[in-house]
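# Understanding the architecture of this molecule
Okay, here's what each chain looks like letter by letter:
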Number of protein chains: 2
Amino acid sequence: MQKPSIPKGTRDFSPEEMAKRNYIFDTIKEVYRLYGFRQIETPAMENLSTLMGKYGEEGDKLLFKILNSGDFLSSMHADDVTEGNSAKTANKISEKGLRYDLTVPFARYVVMHRNEISFPFKRFQIQPVWRADRPQKGRYREFFQCDADVVGSDSLLNEVELIQIIDEVFRRLNIRVSIKLNNRKILSGIAEIIGEADKITDITVAIDKLDKIGLEKVNEELLSKNISQEAIDKLQPIILLSGTNREKIATLKTILSASEIGLKGVEELEFILNKIDLLNIGCDLELDLTLARGLNYYTGAIIEVKALDVEIGSITGGGRYDNLTGIFGLPGVSGVGISFGADRIYDVLNQLNLFPENSTHATDILFVNFGDAEESYILPLLAQLRSKGICAELYPEAAKMKKQMSYANNNNIPFVALVGENEMKEGKITLKNMKTGEQKLVSGETIFESFLKE
Amino acid sequence: MQKPSIPKGTRDFSPEEMAKRNYIFDTIKEVYRLYGFRQIETPAMENLSTLMGKYGEEGDKLLFKILNSGDFLSSMHADDVTEGNSAKTANKISEKGLRYDLTVPFARYVVMHRNEISFPFKRFQIQPVWRADRPQKGRYREFFQCDADVVGSDSLLNEVELIQIIDEVFRRLNIRVSIKLNNRKILSGIAEIIGEADKITDITVAIDKLDKIGLEKVNEELLSKNISQEAIDKLQPIILLSGTNREKIATLKTILSASEIGLKGVEELEFILNKIDLLNIGCDLELDLTLARGLNYYTGAIIEVKALDVEIGSITGGGRYDNLTGIFGLPGVSGVGISFGADRIYDVLNQLNLFPENSTHATDILFVNFGDAEESYILPLLAQLRSKGICAELYPEAAKMKKQMSYANNNNIPFVALVGENEMKEGKITLKNMKTGEQKLVSGETIFESFLKE
């Protein structure tokens, strides 16, 4: 007999885990909706022609490919096997793959449905994605992404709203975070003025180490990356950039005064900060020049969120990217979006013990089963409770009391009702609070309900 | 430039479609929870060893198989290609497949997690499944199943509750349905007393035609299926079975008096009907001997639901099956479950125009954008509205009025707010009802809110 298992890197979610995950997803969805984002879903499978070449060579290798149904061997030659080029042969016998992220399917969606869409299009999408990565702690082959994007609008108000959304989601989840903000145009401006346009990544990586290794070592590292002494000299005020966001902006305006694109980036940043100042943002919002995620991808704002009370990578990220849909033949559509990292947020909430207590219990009350007569007495009562929105169960058989009580315990059910011969005669219910152990004889559903809502 | 498309048999879901689908899923989930069912999720990919052989030979062919990552060709021989046995070769280069239904993954889940589960285990699961079926109208290669099952309990109260759940879901959705009920043991009893145990399917198919073709033709058909005249004579009271459920049961008790299993089936049916009689069920519940779905699978109750006002196949089905987990090495676990057919329910609601109006609008109010000063004025106002749970948007740029209004129209936004120079001076808002065209000058968020809640 086979011992069942699941593919490595994938997970089952138990009722307790689902309740916690739903708490996160529901919070995110609710906030997305408050801001006018509308949900879409796309198929798990996309044509490989849609997916291939969109994630770099490494990404192509990480796509899960679906074997063509039926007689796929007829598309192969014996030579394919002897030649041994699996990647090439895969294309002959597979034309579909599992989606790798939500962005490319979204771009495909926008192009396919452009005549039905009223732009700007604010969509959110919460679905699993699959990557044939080597599984390791915190990295799975199936995981959920929670994306919101606005396409077809260049307005920086979209960036402002996305920051508000991040702030609101973490406020609701009770996670203290810092939102880091940068702008690709500022990085381009820096590269421009120091004449090292192709070294932007090396520069941001080095600057990021300032706190840890000090200025001298940072400069050494820059030199080791073949950045000229002259450029390093020009970089000093940027490496040492500090103070409030306003102070940083003032400094940047001076440093980047010769770079049109750099100044444009500063202007964008300033617009966003000005609007955010009008709002009651709870999070710390910090201009961080070392933020360079997805550098080849983003063209304007770059956003990243760090949890303050847990050592963990970024728990949300995003930014603006031009020409999202160009790859599918629809140029000139700009987009800006964010993505919440549900798995990491889950870990943060778990570690800080921040899941609300009631997120893990589903049933409010369990009726103990004493036998057929009691069942018939209880069934209509249950129906009444449920009609009032109370999740109620009757244990399905007259099992031993101990078994029924441990069912209540194991399923985290807060109240147990005992209705035996006496209770039926008196028209009452013995109600046990499973946490305190307290037992009460109560009468009628009204009292009952008030007890539950305590 | 490639013109993007999606794999045949799969679908994108637009915001409107998602809103309607969520209305269905949310209704089902809410009712499941009221009855103490708890959600789980399993991975999209299962090991092929888990899936193969569970759905018959035909089912094996309909599994979507995932090509092994990396150098899959090293597991093949050139001979495999010349031999041309794709099914056999697929097993060499593929070890994972997409789930075909939710039942087998659930059985696998129960066995894998049996030490964490407190039985009886009432779980629900709403996830997509994939089948490489030939796509046709109403049949997709990716579709959602909405299953609830109780495992580890033989009690017929579970059947009673599942019928209540069906009744409640369709009451909430406003779909008039008839619930058909049968019992596999009764069918076995019938086969037993007429001595034609292997012809049960032929018999139920023929009986089902009584209304259309009449008794004589039914008997002719039975004869043509090699059922003996003696057996057909014995079948007459069963073919002509009519009247109320109680009358049918009385007749069956007489006819099946010599069959132990048949009487057991009648007893089970009677138990269910007795308990349902104690409850205010809105649907018609009808004993239907022609109901034989999943005959080789179900061992007790068989349940099917038909919509009364639309010509469409069964929109929900279920039943009891013994030994669900036996295939994975855990014998003796009985289960009973139902599955709502979300796609068909969607079609029924659409055809009968039963989707609630507010299920398709997401945003309550759009603020027209007149420029930077107005933006700054409106942003804090928006934040206030959202904090009250009102979904509110500001058009992201000061586009032409016509464009902004058509955005509101296209997105089904019921109210538009105009805040220009005058309104800002007076601290008021011009509110337009998009349905009636009515415009009002209102002051303060309080009035505002009451207007929205009209």
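This text follows the structure it describes.
Residues numbered from 1 in each chain as written. Chains lettered and ligands numbered in written order. Predicted model: local features only at pLDDT ≥ 70, side-chain atom pairs only at ≥ 80, totals over all residues. Heavy atoms only, no water.

### Looking at the overall build of chain A
What counts is decided by this rule: Numbering of helices and strands runs from the N terminus, with a helix taken as a DSSP run of H or I at least four residues long and a strand as a DSSP run of E at least two residues long. Radius of gyration here uses only the C-alpha atoms, and the compact-globule reference equals 2.2 Å multiplied by the residue count raised to the power 0.38. Working definition: with a 1.4 Å probe on protein chains only, accessible area under 20% of the residue-type maximum means buried, over 50% means exposed, and in between means partly exposed. Throughout, a residue-residue contact means that at least one pair of heavy atoms, one from each residue, lies within 4.5 Å. With residues, only the protein chains shown are counted as cover, and all accessible areas are computed by Shrake-Rupley using a 1.4 Å probe. Positive charges come from Lys and Arg alone, negative charges from Asp and Glu alone, with His and the N- and C-terminal ends not counted. Each charge is placed at NZ for Lys, CZ for Arg, CG for Asp and CD for Glu.
Secondary structure assignment for chain A yields 18 helices and 16 strands. In summary, chain A has a C-alpha radius of gyration of 29 Å against a globular reference of 22 Å for 454 residues, an excess of more than 25%. Counting only C-alpha atoms, chain A reaches 95 × 65 × 45 Å along its principal axes. Among the 454 residues that make up chain A, the fraction classed as buried is 59%. Within chain A, residue pairs in contact and separated by at least 24 positions form 68% of the contacts whose partners lie at least 6 positions apart. Accessible area of chain A: about 19,000 Å², with a carbon and sulfur share of 47%. Here chain A contributes 56 positively and 66 negatively charged side chains, and the mean placements of these two sets differ by 2 Å.

### Details of the nonpolar core
The line we're drawing: Buried residues of nine kinds, namely Ala, Val, Leu, Ile, Met, Phe, Trp, Tyr and Cys, make up a nonpolar core once their side-chain atoms join them within 4.5 Å.
By size, the foremost hydrophobic cluster in this structure holds 121 residues, and its most contacted members are Phe367 of chain A together with Ile165, Phe170, Ile175, Ile315 and Phe340 of chain B. Setting aside its immediate chain neighbours within four residues, Phe340 of chain B contacts Ile28, Tyr32, Cys146, Ile165, Ile166, Val169, Phe170, Ile315, Thr316 and Ile345 of chain B.

### Some remarks on the relation of the copies chain B and chain A
Threshold: To superpose the copies, least squares is applied to the C-alpha atoms of every residue with a pLDDT of at least 70 in both.
For the pair chain B and chain A, the relating rotation is 180°, the translation along its axis is 0.0 Å, and the fit reaches an RMSD of 0.1 Å. Expressed as an axis order, the relation between the two copies is that of a two-fold axis. Comparing interface residues between copies, 100% of those in chain B also sit at the interface in chain A, which points to an isologous, same-surface contact.

### Brief notes about the environment of Arg38 of chain A
Selection rule: Polar contacts, as counted here, are pairs of nitrogen or oxygen atoms within 3.5 Å of one another; within protein the pair requires one atom able to donate a hydrogen and one able to accept it, and residues that are adjacent in sequence qualify only if both atoms are side-chain atoms.
Positionally, Arg38 of chain A belongs in strand 1 (residues 38-39). As for Arg38 of chain A and Gln384 of chain A, which are separated by 346 residues in sequence, their C-alpha atoms are 36 Å apart. In contact with Arg38 of chain A, other than residues within four places in its own chain, are Lys122, Arg123 and Phe124 of chain A together with Pro15, Glu16, Thr360, Ala362 and Asn411 of chain B. A distance of 2.8 Å separates a polar atom in the side chain of Arg38 of chain A from a polar atom in the side chain of Asn411 of chain B.

### Overview of the packing of helix 7 (residues 157-173) of chain B against helix 13 (residues 260-277) of chain B
All names here are of chain B. The test is simple: Interaxial angle, 0 to 180 degrees, is taken between N-to-C directions of lines fitted to C-alpha atoms, where a helix line uses only the stretch in contact. Reported orientations rely on four angle classes, namely roughly parallel under 35 degrees, roughly antiparallel over 145, roughly perpendicular from 65 to 115, and oblique for the rest. Less than a right angle of anticlockwise turn of the near helix away from the far helix marks a crossing as left-handed, whereas a clockwise turn marks it as right-handed. Under the scheme applied, nonpolar residues are Ala, Val, Leu, Ile, Met, Phe, Trp, Tyr, Cys and Pro; charged residues are Asp, Glu, Lys and Arg; polar residues are all the others, including Gly.
Across the interface, helix 7 lies against helix 13 with an axial gap of 9 Å and an inter-helix angle of 50°. Judged on the interaxial angle alone, helix 13 and helix 7 are oblique. Helix 7 and helix 13 meet at a crossing whose hand is right-handed. Contacts between helix 7 and helix 13 involve Leu157, Glu159, Val160 and Ile163 from the former and Phe271, Ile272, Lys275 and Ile276 from the latter. When its residues are assigned to classes, the contact of helix 7 with helix 13 shows six nonpolar, no polar and two charged.

### Observations concerning the packing of helix 8 (residues 184-194) of chain A against helix 11 (residues 229-239) of chain A
Residues and elements named next belong to chain A. Viewed as axis vectors pointing N to C, helix 8 and helix 11 meet at an angle of 145°, and their least axial separation amounts to 9 Å. Contacts between helix 8 and helix 11 involve Ile190, Ile193 and Ile194 from the former and Ala231, Lys234, Leu235 and Ile238 from the latter. Grouping the constituent residues of the contact of helix 8 with helix 11 by class yields six nonpolar, no polar and one charged.

### Considering the interface of chain B and chain A
The criterion, for reference: Put simply, buried area is how much 1.4 Å-probe accessible surface two parts lose in total, over both of them, once they are put together. We count a salt bridge whenever a side-chain nitrogen from Lys or Arg sits within 4 Å of a carboxyl oxygen from Asp or Glu.
Residue-level contacts link 113 residues of chain B with 113 residues of chain A. Across the interface of chain B and chain A, roughly 9,100 Å² is buried in total on both sides, 59% from carbon and sulfur atoms. Among the residues of chain B in contact with chain A, Leu34, Arg38 and Arg386 of chain B are the three that bury the most area, contributing 8% of the side total. Glu16 of chain A is the salt-bridge partner of Arg38 of chain B, the closest N and O atoms lying 3.2 Å from each other. Per element, the largest residue contribution to the side of chain B that touches chain A is eight residues, and it comes from helix 15 (residues 372-387) of chain B.

### What about the side chain of Asp288 of chain A?
All names here are of chain A. Considering the arrangement of structural elements, one finds Asp288 in the loop between strand 8 (284-287) and strand 9 (301-307). Buried within the structure, Asp288 lacks any salt-bridge partner; its nearest side chain of opposite charge belongs to Lys180, at an N-O separation of 4.6 Å. The contacts of Asp288, once residues within four sequence positions are left out, are Lys180, Leu181 and Asn182.

### Some details on the packing of aromatic side chains
Heads up, the rule is: In this analysis, rings of Phe, Tyr and Trp, with Trp reduced to its six-membered ring, are considered paired at centre separations within 6.5 Å, and the interplanar angle assigns stacked below 30 degrees, edge-to-face beyond 60, and tilted for intermediate values. For a Lys NZ or an Arg CZ to count as sitting over a ring, it must be within 6 Å of the ring centre and within 35 degrees of the ring normal.
This structure, assessed with the given rule, holds 22 aromatic pairs over all chains. Taking 4.1 Å as the distance between ring centres and 40° as the angle between the ring planes, the aromatic pair formed by Tyr55 of chain A and Tyr100 of chain A counts as tilted. Here Tyr55 of chain A, found in the loop between helix 2 (48-51) and helix 3 (56-61), pairs with Tyr100 of chain A, found in the loop between strand 4 (94-98) and helix 6 (103-112); they are 45 residues apart in sequence, far enough to count as distant. Among the aromatic side chains, those forming a connected cluster through ring pairs are Tyr32, Phe37, Phe124, Phe170 and Phe340 of chain A. The ring centre of Tyr140 of chain B lies 3.4 Å from the NZ or CZ of Arg11 of chain B, which sits over that ring. The ring of Tyr100 of chain B has Arg131 of chain B lying over it, and the distance from NZ or CZ to the ring centre is 4.0 Å.

### Things to note about the sheet that holds strand 6 (residues 142-151) of chain B
Residue and element names in this part refer to chain B. Applicable threshold: In this analysis, strands are considered paired if DSSP registers two or more bridges between them.
Pairing is mixed in the open sheet, where eight strands are placed in the order 1-5-6-11-10-9-7-8. The sheet is open, and its two borders are formed by strand 1 (38-39) and strand 8 (284-287), each paired with just one other strand. In the sheet, strand 9 (residues 301-307) pairs with strand 10 (residues 316-321) via four bridges, with the strands oriented antiparallel. Bridge pairing links Ile302 to Gly319 in strand 10. Contacts from helix 7 reach strand 5 (121-130), strand 6, strand 7 (177-183), strand 8, strand 9, strand 10 and strand 11 (335-340) within the one sheet, and its direction differs from that of strand 11 by about 10°. Seen against the sheet, helix 14 (residues 342-351) touches strand 6, strand 9, strand 10 and strand 11 and runs at an angle of roughly 115° to strand 6.

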